[in-house]
Amino acid sequence: MNLAHWLKRTATQNPACPALFLGTELVADYASFYARAAGLAGALRAAGIKPGDRIASFVKNCPEYLVVKYAAWIAGAAIVPINNKLHAREAAWILENSGAKHCFVTPDLLISLKAESDVPLVDVHTREFANLCAQEPLEITPRLPDDLAWLFYTSGTTGQPKGVCMTHGMLTAMSLAYTSDVDPVLQDDAVIYGAPMSHGAGIYSMLHIRAGARHVCPVSGGFDATETLDLAGYFQSVQMFMAPTMVRYLLDAAKAQGRAGEGLRTVVYAGGPMYNADIIDAVDHFGPIFVQIYGQGECPMGITALSRHDVTDRAHPRWRERLGSVGKAQSIVDVMIGDADGAPLPLGEVGEIMVQGLPVMSGYWQNAQATENTLINGWLMTGDMGALDADGYLTLHDRSKDMIISGGSNIYPREVEECLLTHPDVHEVSVVGRTSTQWGEDVVAFVVPADGATIDPEMLDTHCLENIARFKRPKDYVVIQELPKNNYGKVLKTDLSKRL
């Protein structure tokens, strides 16, 4: 059960099918893609890499990333993709913690990482790398479903990042669930990698390789809204994975340029809260191209899915509630809402989201205590708060640590944020709690004004009072020109809290 077999089968059955692109330039068909990966795997084996070893990549989005990943798998090793937005010192920590034997880099990251780490580095844009890929090809090393395939490091917002052990079996189950619960993948499709390939976008690459689809890396090495619109128009039948902030940027650019998103077939969004006001606006402009998924590194991309129909439906009497949810459990997992002790709660009650199933991790890398705290009685304790309705739709109510308790009442920031975003003067908002001697915590909203708008706190207060309970409304509105975000577009609420 080695995921590299999917690449070999596609290369055998459709060798001349276009595979890897840099912008609009064809870099490799499937035959040469597999040949390069197998050659690099041979070079790794000759350098002493054994099954179970770890190979890291610290690169901007580029075709070579996929060659490195599959070379590692062919050699029986696990890949450790490091987000290219991290500081070199953070990347060096991951290299040390994972015990990676080699690291492949792009030239813009080479010098900074070399100063921080003694791990052998190879620049993927050099003749050296090309020569390694031209070595005697290695046959695919057999792997078992429980063997490590991908060592994924969490964002580390609550301390040092933890390495999530993703196995070949987990990623196989997740990939097959995509085609049944999210969207079909066709040979004529093109997937554009705008989001980091070290995260969700790259995790989805396996099923596109299985289908023989085209893999397009932007020349920019990341996400640029105009570049994305241009590439979609060129390739057609485009699938993409995007964070909600990317959807917003794409929508703003399309409106400004008078474009309808020609060529976009499916946009899967996840990785942060997508507010109803934003997705309604996006559907009105782009049409029925959106699907939402909910997952974590500990259960990659595989917890729930909100179908294309549910995202676009406006006829169901509860369509707004469903649109505000993250959909229903994917076919490979069970989802439950539990109390503080993990006991099941009735439908409609808010508690911790618990998951079990094929894509759930076996544990954290060399961190038994964190594993014990997160996997309890066979269930993954996600740390996210949510509620299930009678039809199986799961609605998130923020991370448990983000919940605000004011005057003994629980207040979920997302509910307040959803309300404020319906006001025309508000472009973005993030709600956090501030210590209060009277109430325990006060609700504070950081508000980014819409273009040309001036924020009037009294008007926003009136708006909240007309739409949510009085005790939930913010005590203060802080006008800010830009919300602090991490390299994946998630708002850094801890940074906002520090400002208070």
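As a reminder, the structure under discussion sits directly above these lines.
Read on for a plain summary of the structure.

About the cut-offs
Residues numbered from 1 in each chain as written. Predicted model: local features only at pLDDT ≥ 70, side-chain atom pairs only at ≥ 80, totals over all residues. Heavy atoms only, no water. Helix = DSSP H or I, 4+ residues; strand = E, 2+ residues; numbered from the N terminus. Contact = heavy atoms within 4.5 Å. Areas by Shrake-Rupley, 256 points an atom, 1.4 Å probe, with all protein chains shown as cover. Lys, Arg positive; Asp, Glu negative; His and termini not counted. Charge placed at Lys NZ, Arg CZ, Asp CG, Glu CD. Buried < 20%, exposed > 50% of the residue type's maximum accessible area, 1.4 Å probe, protein only. Polar contact = N/O pair within 3.5 Å; in protein donor to acceptor, adjacent residues only side chain to side chain. Salt bridge = Lys/Arg side-chain N within 4 Å of Asp/Glu carboxyl O.

1. Some thoughts on the overall build of the protein chain
Now for step 1: When you go through the protein chain residue by residue, the secondary structure sums to 18 helices and 25 strands.
Now for step 2: Sequence-distant contacts in the protein chain: of pairs separated by 6 or more residues, those separated by 24 or more amount to 67%.
Now for step 3: With an accessible surface of roughly 20200 Å², the protein chain has 51% of that area assigned to carbon and sulfur atoms.
Now for step 4: The distance from the centre of the 40 positive side-chain charges to the centre of the 57 negative ones in the protein chain is 3 Å.

2. Here we look at unusual backbone geometry
Now for step 1: With phi around 65 degrees, glutamine 236 is a residue other than glycine that occupies positive phi space.
Now for step 2: Take glutamine 236: it is sitting in the loop between helix H10 (225-235) and strand S11 (238-242).
Now for step 3: For glutamine 236, a relative accessible area of 39% translates into the label partly exposed.
Now for step 4: Even without a glycine there, the phi angle at methionine 301 is positive, about 60 degrees.
Now for step 5: Within the secondary structure layout, methionine 301 lies in strand S14 (residues 299-306).
Now for step 6: Using a relative accessible area of 9% as the deciding quantity, one classes methionine 301 as buried.

3. Side note on H10
Now for step 1: Among the residues of H10, those classed as buried are Ala225, Glu227, Thr228, Leu229, Leu231, Ala232 and Phe235.
Now for step 2: Lining the buried residues of H10 we find strand S1 (18-22), strand S9 (190-192), strand S10 (214-217), S11, helix H11 (244-257) and strand S12 (264-269).
Now for step 3: Its side-chain oxygen at 3.3 Å from the backbone nitrogen of threonine 226, aspartate 224 defines the N-terminal cap of H10.
Now for step 4: Of the residues flanking the end of H10, it is glutamine 236, one or two places downstream, whose phi is positive at about 65 degrees.

4. So, the pattern of salt bridges
Now for step 1: Evaluation of the coordinates by the stated rule reveals 25 salt bridges.
Now for step 2: Note that glutamate 139 and lysine 8 form a salt bridge whose closest N and O atoms lie 3.5 Å from each other. Of this pair, glutamate 139 sits in the loop between helix H6 (127-133) and strand S7 (148-153) while lysine 8 sits in helix H1 (residues 4-13); the two residues are 131 residues apart in sequence, bridging distant segments of the chain.
Now for step 3: Classification of glutamate 139 by relative accessible area gives exposed; the value is 56%.
Now for step 4: With a shortest N-O distance of 2.8 Å, arginine 248 and aspartate 278 are connected by a salt bridge. Here aspartate 278 lies in helix H12 (residues 276-286) and arginine 248 lies in helix H11, a separation of 30 residues in the sequence. Each member of the pair arginine 248 and aspartate 278 is classed as buried.

These figures capture arrangement, not role.
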